[in-house]
Structure formats: structure tokens, C-alpha cells
Amino acid sequence: MIIRKSTSEIELIAAAGRILAECLALLAEKTHPGVTTGTLDRLAEEFIRRRGGVPTFKGYRGFPASICASPNDMVVHGIPGRQRVEEGDLLSIDAGVTLGGYVADSALTVAVGDVGREALRLMDVTRESLEAAILECRPGRRLGDVSHAVQEVVEAAGFSVVRSLVGHGIGKDMHEDPQIPNYGDPGRGPRLEEGMVFAIEPMVNYGAHEVFVADDGWAIHTGDGSLSAHFEHTVAITADGPRVLTRRAGEEGG
Ligand code: MG
Ligand code: MG
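A few words now on the coordination of the magnesium ion (ligand 2). Looking at the magnesium ion (ligand 2), one finds its protein donor set to be D105 (OD), H168 (NE2), E201 (OE) and E232 (OE), positioned 2.1 to 2.2 Å from the metal centre. Mapped onto the sequence, the residues coordinating the magnesium ion (ligand 2) show the spacing D-x62-H-x32-E-x30-E. If you look at the magnesium ion (ligand 2) and the magnesium ion (ligand 1), they sit 3.2 Å from each other and are both ligated by D105. Of this pair, E201 sits in the loop between β9 (197-200) and β10 (203-205) while E232 sits in the loop between β13 (228-230) and β14 (233-238), placing them 31 residues apart in sequence. With respect to burial, E201 and E232 carry one shared label: buried.

Next comes the structure, spelled out in C-alpha cells:
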């Protein structure tokens, strides 16, 4: 069942989202060669708690950290630690903030120094696919329109959407109904209604869509070792259309 949120509940998610947006902007700024992913994690936790929030990921199903830090061929769910960020890396950072009982979830991929033209294209296309999906988040559209928007942008660029991982509804819980695949048929699935709030998160591989889980039971890698990028926003469906609750200052998009 998709839980619709009241206007005041959406404002609570938006408050969590503002902290998260600022946190991710800070982490992007601090992601440079030599910094460890464990340091980024500590910065995130301190920032979120100083603002009165709780890092949603910490302890979630046993996850040991406040952010996921996933470099290069790692798609998502990387556990931060001693690993150092290196020149030429793509680093995907995902985080959640709980504030006043409501959750916001957002992710971005950061280019560390010169990553090359194709890696930048992968990032741009992933971001564009998210923005295309956000534009579908309005009353009367179908869930399949959101999924299809991602798939269309990604596959037109020659990349693959990860199929075994999905976006999700979000509210009091980080993961609520519905599941939001990054591929699908337009005009199919539940009709979108005012008050629904979605975490839309294209995970896009440079090569094939297959992925596997690492020995630590968390990190997900591309099956062919190709690069992957991940962008995510928490988006409310309002009468006026989509309202992005995790937009960062200076970020492109509506
Ligand atoms: Mg996330
Ligand atoms: Mg998510």
C-alpha cells in the first residue's frame, strides 16, 4: 500500500531533506585524493547530528555507518572505512536523514579530479535520467512513466540500468511501497496521487546491467567491472507537480 502524506508530513520530510542536501554538498566538497571514506562518514554523522537529525543508515539492517561510499565499479552499499579516495575515481555517496520521525534519502556521484570524458558522460546521463523521472512525478501519471523515463534516457546513451535494485516510497520508513524500478512500461502501474513521496534512484552501469554482492554481504559491484553512477532524490508529488525535497544549492534541475 502506498502511504500518502499530508502537507505537514511533507514539510517534515523536507526539513530532513534540507539537512541531507547540505550534508551531501559538504561531502562532495571534501571528496578529494587522499581522504578516506571513513573520514567522509564521520563528517556526515557529525553534520547530521549537529543539525538535530539522525543518520538513518546507521544500524539499518545492521549497516555499520552513516553513509554508503561506493567507488568506481561498486554500484551501491559500500561500507566506508580506511580506503582512500584516489585521483580519477568516481565515488558514489548515499545517505539518509531522519528528523522528527520522517526520512529523506539522497545520493550523488562525485568525480575526483580528471575522470575522463566517458565517466563524465556516465554521470551526466545518470543525473539526466533522474531529472526526467522527476518530471513524471505528478498526479495522474503512472508509476511506469517514472520508471520508463529513467530507462529511456539511459539506454539512448548506450548505458544500462541496474535491474535488481530499485527506488522506493519513503516517509516514516526509509523503504515504503511502492518499489520503483529504473525500467518499465509507460502507462502501467499505480496511478500517482498527491501526497505520495518517492526516493527515485537510477543506478547506471557503463557496461552490462548485471551486478553481484561482495563477500562483505553489502557492497554491490558491476558484474563486468565497468563503472557505475548513482543519483537519488526524495520527491513529493503535489498538485502543482514534483517537489524535490533534497535539492542541493546550485544544483541544476527544477
Ligand atoms: Mg539512498
Ligand atoms: Mg533510496
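An ideal rise of 1.5 Å per residue puts 34 Å on 24 residues; helix α1 (residues 7-30) measures up with 35 Å between its terminal C-alpha atoms. Along α1, the residues classified as buried are E9, I10, I13, A14, A16, G17, I19, L20, A21, C23, L24 and L27.

Take the packing of aromatic side chains next. This structure, assessed with the given rule, holds two aromatic pairs. Each ring, one from F63 and one from W218, has its centre 5.0 Å from the other, and the planes form 80 degrees; the classification is edge-to-face. Pair noted here: F63 is in the loop between β1 (54-55) and β2 (67-71) and W218 is in the loop between β11 (211-213) and β12 (220-222), with a separation of 155 residues, a long-range link. Judged by centre distance (5.2 Å) and plane angle (40 degrees), the ring pair of F159 and Y206 falls under tilted. On the criterion of sequence distance, the pair formed by F159 in the loop between α4 (143-156) and β6 (160-161) and Y206 in the loop between β10 and β11 is long-range, its members being 47 residues apart. Since its relative accessible area comes to 33%, Y206 is described here as partly exposed. A cation over a ring is seen here: R163 above Y183, with NZ or CZ 4.1 Å from the ring centre.

Reading guide: rules and limits
- Residues numbered from 1 in each chain as written.
- Chains lettered and ligands numbered in written order.
- Predicted model: local features only at pLDDT ≥ 70, side-chain atom pairs only at ≥ 80, totals over all residues.
- Heavy atoms only, no water.
- Donors = N, O, S within 2.8 Å, 3.2 Å for Na, K, Ca; no water.
- Helix = DSSP H or I, 4+ residues; strand = E, 2+ residues; numbered from the N terminus.
- Buried < 20%, exposed > 50% of the residue type's maximum accessible area, 1.4 Å probe, protein only.
- Expected span 1.5 Å × (residues − 1).
- Phe/Tyr/Trp six-rings, centres within 6.5 Å; stacked < 30°, edge-to-face > 60°.
- Lys NZ or Arg CZ within 6 Å of the ring centre and 35° of its normal.

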